[in-house]
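The chain contents come next:
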Protein chains: 2
Amino acid sequence: MKKQPTREKLLDITFDEVYIHGYSATSVDTILKKAGIPKGSMYHHFKGKKELVLAMVQERLFVKMDTFFIFKREAGETVMQRLRNTYVAMSKNKPLVTYGCPLYRLMVELSAVDREFDVLLGSRAMQLHQELAALLQSGIDEGEFTNKLHAESFARFMLSATWGILSMPPSLSSSRLFLEQSRFILENLETYTH
Amino acid sequence: MKKQPTREKLLDITFDEVYIHGYSATSVDTILKKAGIPKGSMYHHFKGKKELVLAMVQERLFVKMDTFFIFKREAGETVMQRLRNTYVAMSKNKPLVTYGCPLYRLMVELSAVDREFDVLLGSRAMQLHQELAALLQSGIDEGEFTNKLHAESFARFMLSATWGILSMPPSLSSSRLFLEQSRFILENLETYTH
DNA sequence: GTTTGATTAGACTAAATGGTCTAATGCAGT
DNA sequence: ACTGCATTAGACCATTTAGTCTAATCAAAC
C-alpha cells in the first residue's frame with residue numbers, strides 16, 4: 001500500500017468530510033488530521049479552504065457523479081430501460097441513498113450564499129439537465145415517446161424530484177423507499193410512451 | 001412601533017439567518033448584532049446556540065410551514081383542487097420558491113449529523129407525510145381516486161419531490177419553473193382519478 | 001419607597017478557526 | 001556530491017467562535 005500523493009489524499013478526505021458535514025461545518029484542521037498531512041503541505045497545494053473544496057468538487061465530486069447518473073444508452077436500449085437501469089444502479093449505491101447527491105447537498109448549502117460555488121455547481125446541474133433532456137428528446141425523435149412530452153421540462157422535473165428523494169434524511173430513507181418513490185417518476189414518463 | 005420582547009425578537013432573527021446561511025454558518029454574535037441584543041440577555045433566555053435554534057424551529061419554522069402546506073380542504077373542494085391551490089399558494093411565496101423549504105434545508109444539513117435535530121425535524125416531516133397521505137386517502141374513500149393509488153407511497157413521493165423542486169438554487173429557480181415542475185406531480189396523480 | 005427577582009449589559013475567556021512563516025527535507029538533474 | 005526547486009513540517013498568529021461572569025437596571029409587589 002504505497003503512499004498516496006499529498007494532493008490526491010487531501011481531495012479524497014475533503015470529499016468525505018464535506019459530503020457528510022457540509023462546507024461550513026468542516027474544518028481544515030480536521031481534514032489535515034484525518035489525512036495525516038501537515039498544514040504547510042496543504043497550503044502549498046491550495047490557496048485556502050475554499051480553493052481546496054472547489055478543486056475537490058471538480059476532481060472528485062463531479063467524477064463520482066458520472067458513476068450514478070448514466071444517461072448514455074447502450075446499444076439497442078430504449079430510453080425507458082436506460083432510466084430504469086439508472087435508478088436501480090442508484091438504489092444500490094449506499095452512500096448516495098443514505099446521504100443524498102453530494103452535488104445537490106452542496107448547492108442547497110452554498111448556492112444562495114457564495115457566487116463561485118453557485119456558478120460551479122449550477123453549471124454542472126445545467127449540464128446534467130441538458131444530458132437528460134437530450135436523452136428524452138432522442139426518445140421522442142425515435143418514436144418511443146409522444147411529442148406531447150416536453151423533454152426539457154420533464155428533465156428538469158425528473159432531476160429535482162430525484163434529488164429531493166435522494167436527499168431525504170438517513171432516518172427516513174432506504175434503498176426500498178428510494179425505488180418506490182422513483183417509480184412514480186418513471187410511471188409518469190411512461191404515460192408518454194406510444 | 002413598540003419594542004418586541006427579547007425572546008421573540010431573537011427567534012425572528014434566528015429564523016432569517018439560519019434559513020439562508022444554515023446552522024453552522026450562522027454565528028451567535030451575528031444574530032445578536034442584527035437583533036441589537038446583548039449576549040447576557042440571550043444566554044438568560046437560552047442555554048446556548050443549539051437550544052436557541054431548536055426553539056426557533058418549533059416556534060417559528062413549524063408555524064410558518066402551516067402557511068404554505070395546507071392540506072385541510074375547504075367545503076366542497078376536491079382533493080385535486082386542494083392540492084392545485086396549495087401549489088399555487090406556494091408558488092406565490094417568494095422566499096419559499098427562492099430558498100426552498102426551511103424544514104427540508106435544515107434536514108439536509110443536520111439530520112445525518114445531529115440526533116436531536118434529526119428527531120425534531122424528522123418527526124415533523126413524518127407528520128406532514130401523514131397529513132398528506134390522509135388527504136389522498138380521503139380522496140380514495142370518496143371515490144375521487146382509484147384504489148390503485150397507494151396514498152402513503154404517493155404522499156412520500158409528492159413530499160420529497162416537492163422539496164427537491166423547491167430547494168433548487170435561487171439561480172435555477174423561479175415561480176414559473178416551480179409551477180411547471182409541480183404540474184408533473186399533479187399530472188401523475190390525475191391518472192388515478194376516476 | 002423599598003425590596004426582590006427577572007432581565008439587561010457587555011467585558012472577559014478558552015477554544016477553535018483559517019491562515020502565515022521559516023526552517024528542514026527530499027529529490028531531480030548535473 | 002552539489003545545486004536548486006518543490007515539498008514537508010509544524011510552531012505561530014490574528015480573528016472568530018460559543019460561552020461565562022458580575023454588576024447594573026428594571027419592574028412588580030409590598
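In this text, all values refer to a predicted model and were calculated from it rather than measured experimentally.

Here is what the cut-offs are and how they apply
Residues numbered from 1 in each chain as written. Chains lettered and ligands numbered in written order. Predicted model: local features only at pLDDT ≥ 70, side-chain atom pairs only at ≥ 80, totals over all residues. Heavy atoms only, no water. Near = heavy atom within 4 Å. Polar contact = N/O pair within 3.5 Å; in protein donor to acceptor, adjacent residues only side chain to side chain. Helix = DSSP H or I, 4+ residues; strand = E, 2+ residues; numbered from the N terminus. Domains from an automatic or database assignment. Contact = heavy atoms within 4.5 Å. Buried area = accessible area lost by both parts, 1.4 Å probe. Salt bridge = Lys/Arg side-chain N within 4 Å of Asp/Glu carboxyl O. Nonpolar A, V, L, I, M, F, W, Y, C, P; charged D, E, K, R; others polar.

Asker: So, the protein's contact with DNA strand C: which residues are in play, and what are the values?
Answerer: DNA strand C sits among 15 residues. The nearest are Lys39 of chain A together with Thr6, Gly40, Ser41 and His44 of chain B. The contact atoms of DNA strand C, taken as those within 4 Å of the protein, divide so that sugar and phosphate hold 53%. Contacts to DNA strand C include Lys39 of chain A, whose side-chain N or O atom sits 2.9 Å from a base oxygen. Separating a base oxygen of DNA strand C from a backbone N or O atom of Gly40 of chain B is a distance of 3.0 Å. Those elements giving two or more residues to the surface near DNA strand C turn out to be α2 (28-35) and α3 (39-45) of chain A together with α3 (39-45) of chain B. By residue number, the principal contributor to the surface near DNA strand C is α3 of chain B, which donates 5 residues.

Asker: Explain the domain arrangement of chain A to me, and be specific about the residues and the numbers.
Answerer: Residues and elements named next belong to chain A. The domains assigned to chain A are domain 1 (1-63) and domain 2 (69-194). Of note, the centres of domain 1 and domain 2, computed from C-alpha atoms alone, are 28 Å apart. Every contact between the two is made by 14 residues of domain 1 and, on the other side, 17 residues of domain 2. Where domain 1 abuts domain 2, roughly 1400 Å² becomes buried across the two surfaces, and 72% of that area is made up of carbon and sulfur atoms. Taken together, the connections running from domain 1 to domain 2 amount to 2 salt bridges. With a shortest N-O distance of 3.1 Å, Glu116 and Lys50 are connected by a salt bridge.

Asker: Account for the interface of chain A and chain B, naming residues and giving values.
Answerer: Facing 41 residues of chain A, the contacting portion of chain B comprises 41 residues. The tally of links from chain A across to chain B stands at 2 salt bridges. Taking the shortest distance from any N to any O, the salt bridge between Arg156 of chain A and Glu180 of chain B comes out at 3.4 Å. Inspection of the chain A/chain B interface yields 16 residue pairs in polar contact (both at pLDDT 80 or more). Taken together, the residues that form the side of chain A that touches chain B break down as 23 nonpolar, 12 polar and 6 charged.

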